[in-house]
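Each chain, letter by letter, is given below.
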Amino acid sequence: MVVMLAGMITGILIIATTALLWRVTDETTWVHHTSFIIMAVTGWGVFFNLNPLIKLDGYYILSDWLDIPNLRHKAFKYLKARARQLFGLYTPAGIATTVRERRIYLSYGTLAAAYSVVLITIITSLISDFVIEYAPEIGVIGLMIGIVAMAVQAPVGDPPQENQKATPVPSVDAKKRTYTFRLIVWIGVLIVLIAASL
């Protein structure tokens, strides 16, 4: 954890130094303006790095503090298994977890997933505005190809760990139900997006 904090401490020292330079220099000098820019950029970088919902310093600090390596992967795997159970789909054998770990996985996984959705939505909105304005046909074709590719992709499981039993292979019917459900969801998403753009 000390190694993870080193970058943040360095950033704080840079912010403090540039803030002092910005405060004591004349407003008309280049040193004043440059100090402010460095202070703002470094401050934003430190703040962004401390965000535990993406895999930067804040995530690794939180993972070390909770003593759960690969926290994000395990939390998403747990949420995926719970969601599949909820919809009655084939669910591979889950991770053996304690009550504490289940609470952490549920809380962190939900927050990280929501943050990712919001971030992707903002980026997609910015890109779609540009594509719709300058190349709408390419945008619709790319969207359709992407949705079909995500709908029909084969599920990729984790290889069995040492001292862990291999996950049983799902039946053909279970796979068909999973693919059908996935295809229906993505077709629904496509319809909603096309309807919203009209």
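Each value, and the rule that gives it
Residues numbered from 1 in each chain as written. Predicted model: local features only at pLDDT ≥ 70, side-chain atom pairs only at ≥ 80, totals over all residues. Heavy atoms only, no water. Phe/Tyr/Trp six-rings, centres within 6.5 Å; stacked < 30°, edge-to-face > 60°. Buried < 20%, exposed > 50% of the residue type's maximum accessible area, 1.4 Å probe, protein only. pLDDT = per-residue confidence, 0-100. Contact = heavy atoms within 4.5 Å. Patch = residues over 30% accessible without salt bridge, like charges linked within 9 Å, V, L, I, M, F, W, Y side chains within 5 Å. Areas by Shrake-Rupley, 256 points an atom, 1.4 Å probe, with all protein chains shown as cover. Salt bridge = Lys/Arg side-chain N within 4 Å of Asp/Glu carboxyl O. Helix = DSSP H or I, 4+ residues; strand = E, 2+ residues; numbered from the N terminus.

Draft legend 1. Layout of the packing of aromatic side chains. Counting across every chain of the model gives six aromatic pairs. Between Tyr-59 and Tyr-60, the ring centres sit 5.0 Å apart and the planes meet at 75 degrees, which makes this aromatic pair edge-to-face. Residue classification places Tyr-60 among the partly exposed positions, given a relative accessible area of 33%. Taken together, Trp-44, Phe-47 and Phe-48 form an aromatic cluster joined through their ring pairs.

Draft legend 2. Region of interest: the confidence of the model for the chain. Residues at a pLDDT of 70 or more form 60% of the chain, whose mean pLDDT is 75. Note on residues 154–164: pLDDT under 50 across the span, and seven contacts to partners over four residues away in sequence or across chains.

Draft legend 3. Fine view of a nonpolar patch on the surface. A surface patch of nonpolar side chains, about 380 Å² in accessible area, is lined by Trp-22, Phe-36, Ile-37 and Val-41. If one sorts the elements of the nonpolar patch by residue count, helix H2 (residues 30–49) sits on top with three residues. The topology assignment puts Val-41 in helix H2. On the accessibility criterion, Val-41 (55% relative accessible area) is exposed.

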